[in-house]
Amino acid sequence: MLLAIEQGNTNTLFAVHDGATWIAQWRAATDSSRTADEYAVWLSQLLNMAGLQFGVLDACIISSVVPQSIFNLRNLSRRYLHVEPLVIGENADLGIAIRIDKPSEAGADRLVNAIGAHIVYPGTLIVIDSGTATTFDVIAADGGFEGGVIAPGINLSMEALHSAAAKLPRVAIQKPQRVLGKDTVGAMQSGVFWGYVALIEGLIARLKAEWGDPMTVVATGGVASLFHGATLSIDHFDPDLTIRGMLEISRRNPRPAAVT
């Protein structure tokens, strides 16, 4: 029974896999100061609601882009699951080539997504992950990580508009029916939404032109669903890309030793 912990800058996902399927998933706001014991109190209640308990969890894998949180997440696994966790970027063998100038700089989330996409979609891929940042990563046909592009996330852009311009309100992100805004809120929503669609389409076109061969585009992340139906540049929307990649990595590595 595997506990997968996928931590982004905004949210942290805890998911349980029973060897055949994902049987439970929960999200919490990312807080780098949260201790292992605080995680345990929160998680134990959710496990209990799902008819589970810490005792049935015998493996753990962690992917985090918040380095200061890894210590506490590792202690959660050691103290309450009694198992040494696999940590992406530390003791986990990913089984892929990382073809960038400084492989250590590749984010754990981007590498996990690369694996999750490669095992499902054939050929060369562009993987778009929309979160706090929006990343565009190129995955070669052999699964190798070729590099990518990092842009500010759509929520970050909307917040920046509100924070930097005194007269612009904080508004919800949604798909406007028209590009031409007829009031301030409509104009902001159009600029951010359709501006991001243009960003996505433009970067995909440039990456494809630079690569020179056909590429399949896969989108994931909490914000990706906003663009479903808004652009033909994205071939697949796959919300399970990250946890699928984490499951595959756990299968590629020997089970870590128990901690007593």
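Our subject in this report is the structure included herewith. Owing to the predicted nature of the structure, the values given are computational and were not obtained by experimental measurement.

What counts and how
Along each chain, residue indices are assigned from 1 in the same order as the chain's sequence is written. In view of the model being predicted, local features appear only for residues whose pLDDT reaches at least 70, and side-chain atom pairs are presented and counted only at 80 or more, with totals across whole chains, interfaces and linings using the full set of residues. Side-chain measures were taken over the full set of non-hydrogen atoms in the model, leaving aside hydrogen atoms and water. By the criteria applied, helices consist of DSSP H or I runs no shorter than four residues and strands consist of E runs no shorter than two, each listed in order from the N terminus. Relative accessible area decides the class of each residue, using a 1.4 Å probe on protein chains only: under 20% of the type maximum gives buried, over 50% gives exposed, and in between gives partly exposed. We call two N or O atoms a polar contact when they sit within 3.5 Å, provided that within protein one can donate a hydrogen and the other can accept it, with sequence-adjacent residues counted only if both atoms are side-chain atoms. The contact definition used throughout considers only heavy atoms, calling two residues in contact when any of these lie within 4.5 Å. Interaxial angle, 0 to 180 degrees, is taken between N-to-C directions of lines fitted to C-alpha atoms, where a helix line uses only the stretch in contact. Note on convention: the crossing is left-handed when the near helix lies turned anticlockwise from the far helix by less than a right angle, right-handed when the turn is clockwise. Amino acids outside the nonpolar list (Ala, Val, Leu, Ile, Met, Phe, Trp, Tyr, Cys, Pro) and the charged list (Asp, Glu, Lys, Arg) are all regarded as polar, and Gly is one of them. Here, a salt bridge means any Lys or Arg side-chain nitrogen found within 4 Å of an Asp or Glu carboxyl oxygen.

1. Observations regarding the side chain of Asp137
Link 1 in the chain: Looking at the element boundaries, Asp137 is found in strand E7 (residues 133-139).
Link 2 in the chain: Classification of Asp137 by relative accessible area gives buried; the value is 3%.
Link 3 in the chain: At a separation of 2.5 Å, a polar atom in the side chain of Asp137 contacts the side chain of Arg110.
Link 4 in the chain: Discounting chain neighbours no more than four positions away, the residues touching Asp137 are Arg110, Leu125, Ile126, Val127, Phe145, Gly147, Gly148 and Val149.

2. A word on the packing of helix H1 (residues 36-49) against helix H2 (residues 67-81)
Link 1 in the chain: Two elements in contact, H1 and H2, have axes separated by 8 Å at closest approach and are oriented at 65°. Remark: the crossing between H1 and H2 carries right-handed chirality. Residues Ala36, Asp37, Tyr39, Ala40 and Leu43 of H1 form the contact with H2, whose own contacting residues are Asn72, Leu73, Asn75, Leu76, Arg79 and Tyr80.
Link 2 in the chain: Among the residues forming the contact of H1 with H2, the class breakdown is seven nonpolar, two polar and two charged.

3. Description of the pattern of salt bridges
Two side chains carrying opposite charge are able to pair once their charged atoms lie near each other.
Link 1 in the chain: One pass over the full model with this rule turns up 10 salt bridges.
Link 2 in the chain: Notably, a salt bridge pairs Glu84 with Arg78, separated by 2.9 Å at the nearest N-O pair.
Link 3 in the chain: Judged by relative accessible area, which is 31%, Arg78 ranks as partly exposed.
Link 4 in the chain: Where Asp238 meets Arg244, a salt bridge forms, and the shortest distance between an N and an O atom there is 3.0 Å.
Link 5 in the chain: A network of salt bridges, in which partner residues are shared, links Arg99, Asp142 and Glu146.

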